[in-house]
Amino acid sequence: MKKYFLYFALMGFMTFGAVSCSSDDDDSGSKTELPEAKYPGQAVQFSLSTPLEAAQSGTQSAALSAVNITESGKAIFEVATDGSNKYVTTDVAINGDVYTVSGNATGTITRVASKGTRAESPAQLEVNVKFSKVAELGSLEFKTAENEYAPATAVTTPSASNQATKKLTCTSWKMLGTVIDLEGDVSLFKQFDGGNLAELRDEAIRQGAELSDDEKAMFDKSIVSVDFDDTLLSINYSNGTSDVATWRWANSSYDKINFTFKELDMGNKFIPSENCTADVAFKDNRLNLVIYAEISGNKNYKAKLTLRLQAAN
């Protein structure tokens, strides 16, 4: 009975009318709204022509290859390593051509000069950024030499043309909890507070789910937030890393997305790395992402993992 009560409560959430970044009336007649984007029209993607080698890279080579600046005030760093690309999401404050980052990384990126149109042009970047102890990367420092700049392509991301994308991209989404629903050879329905994936994994194993050691290790972290720009989805973890995917709307009603992670070692047993589908639903300042997966092998079952999120600003 408890399972079905929670199920119908979630379904009620999913069918609630979407809330835009401007005021709308809810069922009670009161006004609700999501925050406006911190930096409307200032999203930009910097792709370095030659990756900038880290001055301090620990036991593996590392080079900064790209930075995405979002309207909601996030910077998504792409770092090329020996094995694959790693991603780190930080806060960013924009002041003209100066991007000051804080959180998992500190420092500045300055757009010194550009040629051509502002929307898409070569740019010169002055970089002085230090990463704190990020899992799998350790401490890193990326810094251009004095009076030297890193050439890059700068692509200004246009503001979202539809309300659904504006709602996703206008804020960072902090983690409230998860709901796991497994049906088939493994059966489980349980709600968890926060984003501790190890709790979810351990409960699934107790109910008969089979995971390899590598699959178990992918749950040894907590989701703290989720961020969107118009092409990237970033799931951010307590260890400082992010799983980054490209995404798009899957239908014209703007309530379902498709996404694929940039690296095959991203995601986990219940968040597939490729061709993933998620339902999208808003209520007030909250967002539900319901992610679908099918597991086959010795045991065959379907998984629905709901990420319960709240606007962070």
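Residues numbered from 1 in each chain as written. Predicted model: local features only at pLDDT ≥ 70, side-chain atom pairs only at ≥ 80, totals over all residues. Heavy atoms only, no water.

**A few points about the overall build of the chain**
- Across its full length, the chain carries four helices and 20 strands.
- By the burial criterion, 49% of the 313 residues in the chain qualify as buried.
- For the chain, long-range pairs separated by at least 24 residues make up 49% of all intrachain contacts whose partners lie at least 6 apart in sequence.
- Summed over its atoms, the accessible surface of the chain is roughly 14500 Å², and 46% of this surface lies on carbon and sulfur atoms. (Helix = DSSP H or I, 4+ residues; strand = E, 2+ residues; numbered from the N terminus. Buried < 20%, exposed > 50% of the residue type's maximum accessible area, 1.4 Å probe, protein only. Contact = heavy atoms within 4.5 Å. Areas by Shrake-Rupley, 256 points an atom, 1.4 Å probe, with all protein chains shown as cover.)

**Overview of the confidence of the model for the chain**
- On average, residues of the chain carry a pLDDT of 86, and 85% of them reach 70 or more.
- Long-range and interchain partners of residues 11-20, a stretch whose pLDDT sits below 50, account for 30 contacts in this model, where long-range means more than four residues apart. (pLDDT = per-residue confidence, 0-100.)

**Considering helix H3 (residues 197-206)**
- Of the residues making up H3, those classed as buried are Leu197, Ala198, Leu200, Arg201, Glu203 and Ala204.
- Its side-chain oxygen 2.9 Å from the backbone nitrogen of Ala198, Asn196 forms the N-cap of H3.
- Just past H3, the residue Gly208 takes up positive phi, approximately 110°. (Polar contact = N/O pair within 3.5 Å; in protein donor to acceptor, adjacent residues only side chain to side chain.)

**Quick word on the nonpolar core**
- By size, the foremost hydrophobic cluster in this structure holds 52 residues, and its most contacted members are Val226, Phe228, Phe259 and Phe270.
- By residue number, the principal contributor to this core is strand E20 (residues 301-311), which donates six residues.
- Beyond its immediate stretch of four places on either side in the chain, Val226 contacts Ser172, Trp173, Leu233, Ser234, Ile235, Asn236, Leu289, Leu307 and Leu309.
- Counting 32 residues, the second-largest nonpolar core is a separate cluster that includes Val67, Val79, Val129 and Phe131. (Core = buried A, V, L, I, M, F, W, Y, C linked by side-chain atoms within 4.5 Å.)

**As for the pattern of salt bridges**
- Counted under the stated rule, the structure contains eight salt bridges.
- The salt bridge involving Glu203 is made with Lys190; its shortest N-O contact spans 3.6 Å. Placement of the pair is Glu203 in helix H3 and Lys190 in strand E13 (residues 188-193), with a sequence separation of 13 residues.
- Assessed through its relative accessible area of 34%, Lys190 is described here as partly exposed.
- Salt-bridge contacts for Asp220 lead to Arg201; the nearest nitrogen and oxygen are separated by 2.6 Å. (Salt bridge = Lys/Arg side-chain N within 4 Å of Asp/Glu carboxyl O.)

**Observations regarding the packing of aromatic side chains**
- Following the criterion strictly, the structure yields nine aromatic pairs and no others.
- Relative to Phe282, the ring of Trp173 lies with its centre 6.0 Å away and its plane at 55°, an arrangement referred to as tilted. Of this pair, Trp173 sits in strand E12 (residues 173-184) while Phe282 sits in strand E18 (residues 276-283), and the two are 109 residues apart along the sequence.
- Accessibility expressed as a relative area gives 0% for Trp173, which makes it buried.
- Relative to Phe270, the ring of Phe219 lies with its centre 5.8 Å away and its plane at 65°, an arrangement referred to as edge-to-face. A residue pair is termed long-range when its members are at least 10 positions apart, and Phe219 in the loop between helix H4 (213-217) and strand E14 (223-228) and Phe270 in the loop between strand E17 (256-261) and E18 qualify at 51 residues.
- The class of Phe219 is buried, set by a relative accessible area of 0%.
- Its end group placed over the ring of Tyr237, Lys221 keeps NZ or CZ at 4.1 Å from the ring centre. (Phe/Tyr/Trp six-rings, centres within 6.5 Å; stacked < 30°, edge-to-face > 60°. Lys NZ or Arg CZ within 6 Å of the ring centre and 35° of its normal.)

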